[in-house]
Every structure is written in structure tokens, then in C-alpha cells.
Amino acid sequence: MASEDVVEGKRSESAVSTIVNLAEGVKAPSHAAIFSICKSLAAGGIAGGVSRTAVAPLERLKILLQVQNAHSIKYNGTVQGLKYIWRTEGLRGMFKGNGTNCARIVPNSAVKFFSYEEASRGILWFYRQQTGNEDAELTPLLRLGAGACAGIIAMSATYPMDLVRGRITVQTDKSPSQYRGIFHALRTVFVEEGPRALYKGWLPSVIGVIPYVGLNFAVYESLKDWLVKTRPFGLAQDTELSVTTKLGCGAIAGTIGQTVAYPLDVIRRRMQMGGWKNAASVVIGDGKSKATVEYSGMVDAFRKTVRHEGVGALYKGLVPNSVKVVPSIAIAFVTYEEIQICSVYFYHGAGMG
């Protein structure tokens, strides 16, 4: 009995010793590591807020075009739509829903850029291990994968905010009931429609975000690398690209990504309106029609949209969205990189590194 106690005591001491050794081996994150994380998150958040505010009127018009009833057309195009909003709702109407949008896009953008950096590091490490080439670099396909991972993580983390942003954006002064803000909208949806309603349209959103965000990062980074290596038309000086050239890369990346993923964005937005008891009057805008707006799922939403409105309905709002996306993505990428550069100067200038 005594010998068993001795053995048990030795086991306990060994276990404690192992835990202590492991604890000693775990080092607290360095100031540089913490700064790097904060820098990435802050730069991504600021980039998202700046880029989205710059194109807020176009963002609202795009959503209104996506969800308006085919039998009660009020918005016939980009210029006419913007004029109509200005005439009927004024300056505030142009930026309606932008506060909610920024409250969503700032954390979304922060998580997206940070996730892309981390996913890129992980994928590159795995790729080098598999190929045995320690000098291997990310290929466009690997960048696409890293961007897709980042998009899925960011979209899932902030999706309820995107849903209520869409609803706040399309409501007008004639709507029978009003969401008073982000938290009121979240609470109302949760109480009246249930917690699952906060993720309506999540599946087409995730499917759409894979090519959208994936292509954004892949095309942008690959274009930059190609320009630095080939230096066509003198666009690259040494290993640096000008802000204007970076904006061009971002614009091309945004155009390709959003064109591929746009039909899924339309379906997502329509599914988000489903189950909202005032959706018909909000979407139509006259408060008279009581037509239901309901879809049983993503495939049903595709089928009903195409059957009732034609294939062209899947690209409603594409023009204002293109006008919006080109500067928005470009501004986001460039703002992110410039803030990263400035923060490094600040870090070293303050004697922190």
C-alpha cells in the first residue's frame, strides 16, 4: 500500500514537472508580435471604413435595385436612381445605412485582412513543406485559397450585421415600420423571426465570397508581383509600385471578383428580405402591395427570380455596383498597405522595435 502511494506520488511529481516545463517553454507574445496583430487589424478596419464611406450612395442604390419589385420600378439606372434618392430623401438618403454598413465593414475588413495574412503564412509554410522548397512563393491559386479562407471567416463573423444593414438601407420614410438602428434591428429580427433569421442568405453569401474575396486578393497580389518583375511601361520603380498603380491593380481585382460573384449577392440580398413582414412595402416603396417575399432556400430563390424576372435580374444593380466596387476595393487595398507602412515607421520611430 505504501509502495503504491510512493509510485502515485512520483507520478504526480512527474506530471507537475512536465506542466512546469511546458509552461516555461511557452513564451509570452513579444511587443513586436502584439503590435503586428494590432497593426493588421487596425489597418484593415480603417481601410474598410474609408473605402465604404467613399461609395456609400452607390452601395445603397445597388441594394435598392437588387430588391425592388419588377412591377413597381422606381430606380431605372445609376444616374436616375441617385437623382431620385437625392430628390426624395436628400443628402441623408444618400448615406442611409452607412453607419450600420461601417459598423459591419470595419470589423469585417479587419478580420478579412488579418485572416488573409495568417492564412497566407500557413498555406505557404505547408506548401514549402510539401514541395521541399524553402524558397517557394505563393502562387495565384494559393492566394485564391488564402483569400477564400479570409472571406469565409470575415463573412461568418459579421453576417447578422450585414443582414440588418441591408434592411435598414432599403427602408424609406414611407415604410410602415422603421428600424431605429443596428441594435434595434438585431433585436427585432431576433424576437420576431428567431435567431436563425439572422443568418438568412448565409449559404449564397459564403459561396459568393469564395470567388469574390479570393479573386480580389489573388488578382491584386499577382498583378503587383508581375508588375514588379516585368516592369512594363516603367510602372515599377525598383521593387515599389506607385499609389496610382496599386489603385489600378485594386480596381482590376475588384471588377473581376464582383462580376463573377454578383448573382449570388443578388440572391443573398433577396433571401435576407424574406420573412420580414414589411418587406413587400419596403421593397416596392408604395406601401400598397401585400405580395409576399419568401424563399425556401438558395435554389428556390434562384429559380423564382429567373422564372419571374429573367436571367437579367441576377445582375440588377451591377452597373452601380461596378462603379462602386472599382474605387472601393482599390481604396481598401491601398489604404491598408499605406497604413501598414506608416505604422512601421511609427513603431520604429517610437523606439518600440
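Residues numbered from 1 in each chain as written. Predicted model: local features only at pLDDT ≥ 70, side-chain atom pairs only at ≥ 80, totals over all residues. Heavy atoms only, no water.

Going by an unreviewed UniProt entry, the protein carries the name Mitochondrial adenine nucleotide transporter ADNT1 and comes from Anisodus acutangulus. For the record of the protein, the UniProt heading Subcellular location (unreviewed entry) holds the text "Mitochondrion inner membrane". Of the comments in the UniProt record for the protein, the one headed Sequence similarities (unreviewed entry) reads "Belongs to the mitochondrial carrier (TC 2.A.29) family." (UniProt positions renumbered as here; feature names shortened; annotations may be inferred.)

Counting its secondary structure elements, the protein contains 12 helices and two strands. Counting every position in the protein, which comprises 353 residues, the buried fraction comes to 48%. In the protein, of all internal contacts separated by at least 6 residues, the share reaching a separation of at least 24 is 76%. As displayed, the protein has an accessible area near 18,000 Å², and 65% of this comes from carbon and sulfur atoms. (Helix = DSSP H or I, 4+ residues; strand = E, 2+ residues; numbered from the N terminus. Buried < 20%, exposed > 50% of the residue type's maximum accessible area, 1.4 Å probe, protein only. Contact = heavy atoms within 4.5 Å. Areas by Shrake-Rupley, 256 points an atom, 1.4 Å probe, with all protein chains shown as cover.)

So, about the packing of aromatic side chains. Tallying each qualifying case throughout the model produces nine aromatic pairs. With a centroid separation of 4.0 Å and an interplanar angle of 5 degrees, the aromatic rings of tyrosine 220 and phenylalanine 333 are classed as stacked. Of the two residues, tyrosine 220 is situated in helix α8 (residues 202-230) and phenylalanine 333 in helix α12 (residues 318-349); the sequence distance between them amounts to 113 residues. Look at tyrosine 220 and you get buried, because its relative accessible area is 0%. Given a relative accessible area of 6%, phenylalanine 333 falls into the buried group. (Phe/Tyr/Trp six-rings, centres within 6.5 Å; stacked < 30°, edge-to-face > 60°.)

Our focus in this paragraph is empty space enclosed by the protein. For the structure shown, the criterion picks out two cavities of 30 Å³ or more. In this structure, the largest cavity spans a volume of roughly 580 Å³. Going through the elements one at a time, α2 (31-54), α3 (56-67), α5 (98-131), α6 (140-170), α8, α9 (243-273) and α12 are the ones with two or more residues in the lining of the largest cavity. The element contributing the most residues to the lining of the largest cavity is α8, with eight residues. Looking at the lining of the largest cavity residue by residue, the class counts come to 16 nonpolar, 11 polar and 11 charged. Here the second largest cavity defines a volume of roughly 50 Å³. (1 Å grid on protein atoms, 1.4 Å probe; cavity = no way out; pocket = protein on both sides within 12 Å on 5 of 7 lines; lining within 4 Å. Points joined across faces, edges and corners; volume = space filled by probe spheres on them. Nonpolar A, V, L, I, M, F, W, Y, C, P; charged D, E, K, R; others polar.)

Looking now at the side chain of arginine 143. Considering the arrangement of structural elements, one finds arginine 143 in helix α6. Engagement of the side chain of arginine 143 in a polar contact is seen with the side chain of serine 222, the distance being 3.3 Å. Polar contacts involving the side chain of arginine 143 include one to the side chain of aspartate 225, which spans 2.4 Å. Setting aside residues up to four positions removed in sequence, arginine 143 forms contacts with Tyr116, Leu138, Gly214, Ala218, Glu221, Ser222 and Asp225. (Polar contact = N/O pair within 3.5 Å; in protein donor to acceptor, adjacent residues only side chain to side chain.)

Another aspect to go through is the layout of surface pockets. Space inside the largest pocket adds up to approximately 560 Å³. In terms of lining, the largest pocket is formed by 23 residues, of which the most central are Tyr116, Leu138, Arg143, Glu221 and Lys224. Within the residue set of the lining of the largest pocket, elements represented by two or more residues are α5, α6, α8 and α12. Per-element tally for the lining of the largest pocket: the top contributor is α8, with eight residues. Residues of the lining of the largest pocket, tallied by class, amount to 10 nonpolar, four polar and nine charged.

Moving on, we come to the confidence of the model for the protein. Per-residue confidence for the protein gives a mean pLDDT of 79; residues scoring 70 or more make up 78%. Of all helices and strands in the protein, the one with the weakest mean pLDDT is helix α10 (residues 279-284) (47), whereas α5 scores best (89). Note that pLDDT drops below 50 for residues 280-290; the model gives that stretch 23 contacts with residues more than four away or on any other chain. (pLDDT = per-residue confidence, 0-100.)

A separate point is the nonpolar core. Ranked by size, the top nonpolar core spans 24 residues in total, and within it Phe217 and Phe333 carry the most contacts. Among the elements that line this core, the one with the most residues is α8, at eight residues. Not counting chain neighbours up to four residues away, the residues in contact with phenylalanine 333 comprise Phe113, Asn216, Phe217, Tyr220 and Gly250. In terms of nonpolar packing, the next biggest core, distinct from the first, is built from 11 residues, Val164, Ile168, Tyr179 and Leu198 among them. (Core = buried A, V, L, I, M, F, W, Y, C linked by side-chain atoms within 4.5 Å.)

Attention now moves to the packing of α3 against helix α4 (residues 78-94). Pairs of packed helices are described in terms of their axes, by the angle between the two and the distance that separates them. Remark: α3 packs on α4, axes separated minimally by 10 Å, with the N-to-C direction vectors making an angle of 115 degrees. When the axes of α3 and α4 are compared, the pair comes out roughly perpendicular. Two packed elements cross with a definite hand, and for α3 against α4 that hand is right-handed. Here α3 contributes Ala56, Pro57, Leu58, Arg60, Leu61 and Leu64 to the contact with α4, which in turn contributes Thr78, Gly81, Leu82, Ile85, Glu89, Gly93 and Met94. (Axes fitted to C-alpha atoms, helices over the stretch in contact; angles between N-to-C directions. Parallel < 35°, antiparallel > 145°, perpendicular 65-115°, else oblique. Left-handed = near helix turned anticlockwise from the far one by under 90°.)

Time to look at α4. The end-to-end C-alpha separation of α4 is 13 Å, well short of the 24 Å expected for 17 residues at 1.5 Å each. Within α4, the axis deviates most sharply at threonine 88, by approximately 105 degrees. Restricting attention to buried positions, one finds in α4 the residues Thr78, Gly81, Ile85, Glu89, Gly90, Gly93 and Met94. (Expected span 1.5 Å × (residues − 1). Bend = angle between axes of the 7 residues up to and from the residue.)

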